[in-house]
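Okay, here's what each chain looks like letter by letter:
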Amino acid sequence: MQESIGFKLSRVPRLWRAVLDERLAPLGLTQTRWVTLYHLWRMGGGQAQCDLAKAIGVEAPSLVRTLDQLTEQGLIERRPCNDDRRTKRIFLTNKANPLLERIDAIVTEAREEMLSGITQEEVDLFEDLLTRIEKNGLRIQTRTVSEV
């Protein structure tokens, strides 16, 4: 059984994203765009581009094209940072709000279906276990890097 834990840990996020992609496709958003918008919405506007990239789990230069596309769609604005001219802050536009409310409703419905039959206590325990696994992995990774 334990041999399959790693496979399940990698398969479930792909399945989760596939369900969401299918349900969000009618909105005309690619996975990269909706994930970027959703993270910015959850984090709050005015995020530095590098912070948004870190939250999404991509390199900042990889995010530039997506931000260009979202700007062209009128869903975000880039503004210079008052404290650092090199930094751009990302803000959602008013046009993005109804779209994000729809995305949130779809994500909430999918989450409820994906977690069907699982109690809140089990969800809390699962989150705790995932956090501990993540911390163990980060500790191993840090130790491995420092040994090199």
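Scroll up a little and you will see the structure.
Quick look at the structure, then. On a predicted model such as this, the values are computed, not experimentally measured, just so you know.

**Some details on the overall build of the chain**
Thinking step 1. Along its length, the chain carries six helices and three strands.
Thinking step 2. Element order for the chain, N to C, with α for helix and β for strand: α-α-β-α-α-β-β-α-α.
Thinking step 3. Each principal axis of the C-alpha distribution contributes one length, and for the chain these read about 50 × 45 × 25 Å.
Thinking step 4. When the 148 residues of the chain are sorted by exposure, 25% land in the buried category.
Thinking step 5. Across the chain, contacts joining residues at least 24 apart in sequence account for 52% of those joining residues at least 6 apart.

**Observations regarding the pattern of salt bridges**
Thinking step 1. Taken as a whole and judged by the stated rule, the model has five salt bridges.
Thinking step 2. Between Arg 78 and Asp 68 there is a salt bridge, and its shortest N-O distance comes to 2.8 Å. Here Arg 78, found in strand 2 (residues 76-80), pairs with Asp 68, found in helix 4 (residues 60-72); they are ten residues apart in sequence, far enough to count as distant.
Thinking step 3. Note on Arg 78: relative accessible area 29%, which makes it partly exposed.

**Description of the packing of helix 3 (residues 49-56) against helix 4**
Thinking step 1. Put simply, helix 3 and helix 4 touch, their axes get as near as 9 Å, and they point 100 degrees apart. Classified by the angle their axes make, helix 3 and helix 4 are roughly perpendicular. Mapping the contact onto sequence places Gln 49, Cys 50, Leu 52, Ala 53 and Ile 56 in helix 3 and Ala 60, Leu 63, Val 64 and Leu 67 in helix 4.
Thinking step 2. The residue makeup of the contact of helix 3 with helix 4, split by class, is eight nonpolar, one polar and no charged.

**Regarding the sheet that holds strand 2**
The strands making up a sheet associate through hydrogen bonds between their backbones, and the pairing can be parallel or antiparallel.
Thinking step 1. Taken together, the three strands give an open sheet; going across it, the order is 1-3-2, and neighbouring strands pair in antiparallel fashion. Sheet topology places strand 1 (47-48) and strand 2 at the edges, where each strand pairs with a single neighbour.
Thinking step 2. Of the pairings in the sheet, the one linking strand 2 to strand 3 (residues 88-92) comprises five bridges and is antiparallel in character. What sits directly across from Ile 76, in strand 3, is Leu 92.
Thinking step 3. Each of strand 2 and strand 3 touches helix 4; the most contacted strand, strand 2, lies at about 115 degrees to it.

**Description of the environment of Thr 30**
Thinking step 1. In this structure, Thr 30 sits in the loop between helix 1 (3-24) and helix 2 (31-43).
Thinking step 2. The partly exposed category is assigned to Thr 30, whose relative accessible area is 40%.

Reading guide: rules and limits
Residues numbered from 1 in each chain as written. Predicted model: local features only at pLDDT ≥ 70, side-chain atom pairs only at ≥ 80, totals over all residues. Heavy atoms only, no water. Helix = DSSP H or I, 4+ residues; strand = E, 2+ residues; numbered from the N terminus. Buried < 20%, exposed > 50% of the residue type's maximum accessible area, 1.4 Å probe, protein only. Contact = heavy atoms within 4.5 Å. Salt bridge = Lys/Arg side-chain N within 4 Å of Asp/Glu carboxyl O. Axes fitted to C-alpha atoms, helices over the stretch in contact; angles between N-to-C directions. Parallel < 35°, antiparallel > 145°, perpendicular 65-115°, else oblique. Nonpolar A, V, L, I, M, F, W, Y, C, P; charged D, E, K, R; others polar. Pairing = 2+ DSSP bridges.

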